Amino acid sequence: LRCFERMKLDNVSSDAVTYLSGLKACCSIGSIQEGQNIHMEIVKKGFVESDVAMINTLIDMYAKCGCLTIANQIFNRFPVKDVASWNALINGYANHGFGDKALDCFAQMQVEGTSPDSITFACVLNACGSLGLIETGKKIHAEVASKGLLSDNVVLGNAIVGMYVKCGILCEAKDIVNKLQIWDIVVWNSLIAGYIRCKLTERAFYCFEQIYLEGHSPNVVTFICILKACSNEGAVEIGKEVHAKIIYCHLE
């Protein structure tokens, strides 16, 4: 964004790529005011009407910044929509506590003939988990599996595990973790947090040990969850061991 401002000071004209990059920067740091300023410049230069990528980025920027009404208005204003357009809106609704609207969008996109992709499914699974809609989540899981999307998609695997964890179906979540061909620390964090929430602390500790045994590295979220478990159980010796690991990882 500082480079973007320097461009204007140096009287260098911005093009569509400049504006797309500026909007993505605003999106990543949640700078809605700067995003709105860039939006106004884009409209003045006439880029919006003819550029689907620009429209999608605007929808994504407003949705991720929590301005869902504006995101929905932009979405409805333009007749040309692709899967990225729907994903931006669905993700915005799912991440800001409007899971029901995310599911409505998911249904509508299919009615209008747009096929969901792995990003769509991940967002909708997040919505199902937030709403506790286990049956809907299972149907989406079955659809994902039938399309063979789980073989090499870490994000989708994380989303499925997270959905079962949020719905309190921890045995199913653990079975899925065991079946996933690839996964990352997010999966383990979801499982550990779920066990702690259900007061199954011993299983949380077991998962923490498994992380090391399977060659993964805990992150800050992992350590926070395990320290919370230690605190809840009064497990001071395990807490000391975790503290030592935190120091070793230079995270203290």
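Presented here is an overview of the structure given in this document. Everything quoted here is computed from the prediction, not taken from an experiment. (Residues numbered from 1 in each chain as written. Predicted model: local features only at pLDDT ≥ 70, side-chain atom pairs only at ≥ 80, totals over all residues. Heavy atoms only, no water.)

Quick notes on the layout of surface pockets
- The volume enclosed by the largest pocket comes to roughly 150 Å³.
- Along the walls of the largest pocket sit Ala 122, Leu 125, Asn 126, Val 155, Asn 158, Ala 159, Gly 162, Met 163, Lys 166, Val 186 and Ser 190, which together make up its complete lining.
- Taken together, the elements giving at least two residues each to the lining of the largest pocket come down to helix 8 (118-131), helix 10 (154-166) and helix 12 (185-197).
- Looking at the lining of the largest pocket element by element, the count peaks at 6 residues for helix 10.
- Class assignment of the residues belonging to the lining of the largest pocket gives a composition of 6 nonpolar, 4 polar and 1 charged. (1 Å grid on protein atoms, 1.4 Å probe; cavity = no way out; pocket = protein on both sides within 12 Å on 5 of 7 lines; lining within 4 Å. Points joined across faces, edges and corners; volume = space filled by probe spheres on them. Helix = DSSP H or I, 4+ residues; strand = E, 2+ residues; numbered from the N terminus. Nonpolar A, V, L, I, M, F, W, Y, C, P; charged D, E, K, R; others polar.)

Describing the side chain of Thr 201
- Take Thr 201: it is sitting in helix 13 (residues 201-213).
- For Thr 201, a relative accessible area of 7% puts it in the buried group.
- Only 3.1 Å separates the side chain of Thr 201 from the side chain of Glu 233, close enough to count as a polar contact.
- Among residues more than four places away in sequence, those in contact with Thr 201 are Tyr 195, Ala 229 and Glu 233. (Buried < 20%, exposed > 50% of the residue type's maximum accessible area, 1.4 Å probe, protein only. Polar contact = N/O pair within 3.5 Å; in protein donor to acceptor, adjacent residues only side chain to side chain. Contact = heavy atoms within 4.5 Å.)

Section: helix 2 (residues 16-29)
- In a regular helix each residue adds 1.5 Å, so 14 residues correspond to 20 Å; helix 2 covers 20 Å between its end C-alpha atoms and thus fits that length.
- Buried within helix 2 are the following residues: Ala 16, Thr 18, Tyr 19, Leu 20, Gly 22, Leu 23, Cys 26 and Cys 27.
- For helix 2, the elements touching its buried residues are helix 1 (2-9), helix 3 (32-45) and helix 4 (52-64).
- The N-cap of helix 2, judged by a side-chain oxygen 3.1 Å from the amide nitrogen of Val 17 a few residues on, is Asp 15.
- Within two residues after helix 2, Gly 30 carries a phi angle of roughly 70°, on the positive side. (Expected span 1.5 Å × (residues − 1).)

Here we look at the packing of aromatic side chains
- In this structure the tally under the stated criterion is 6 aromatic pairs.
- Here a set of aromatic residues connected by ring pairs shows up, and it is made of Phe 208, Tyr 212 and Phe 223.
- Directly above the ring of Phe 75 sits Lys 81, whose terminal nitrogen or CZ lies 4.9 Å from the centroid.
- Looking at Lys 245, its charged tip hangs above the ring of Tyr 212, at a distance of 5.4 Å from the centre. (Phe/Tyr/Trp six-rings, centres within 6.5 Å; stacked < 30°, edge-to-face > 60°. Lys NZ or Arg CZ within 6 Å of the ring centre and 35° of its normal.)

Describing the pattern of salt bridges
- As enumerated under the stated definition, the model contains 4 salt bridges in all.
- For Lys 64, the salt bridge goes to Asp 60, with nearest N and O atoms at 3.3 Å. Here Lys 64 and its partner Asp 60 are both found in helix 4, 4 residues apart, which amounts to about one turn of the helix.
- Take Lys 64: its relative accessible area is 41%, and that puts it in the partly exposed class.
- Between Glu 237 and Lys 240 there is a salt bridge, and its shortest N-O distance comes to 3.9 Å. Highlighted residues: Glu 237 and Lys 240, both in helix 15 (residues 236-248), separated by 3 residues, approximately one helical turn. Lys 240 carries the same exposure label as Glu 237, and that label is exposed. (Salt bridge = Lys/Arg side-chain N within 4 Å of Asp/Glu carboxyl O.)

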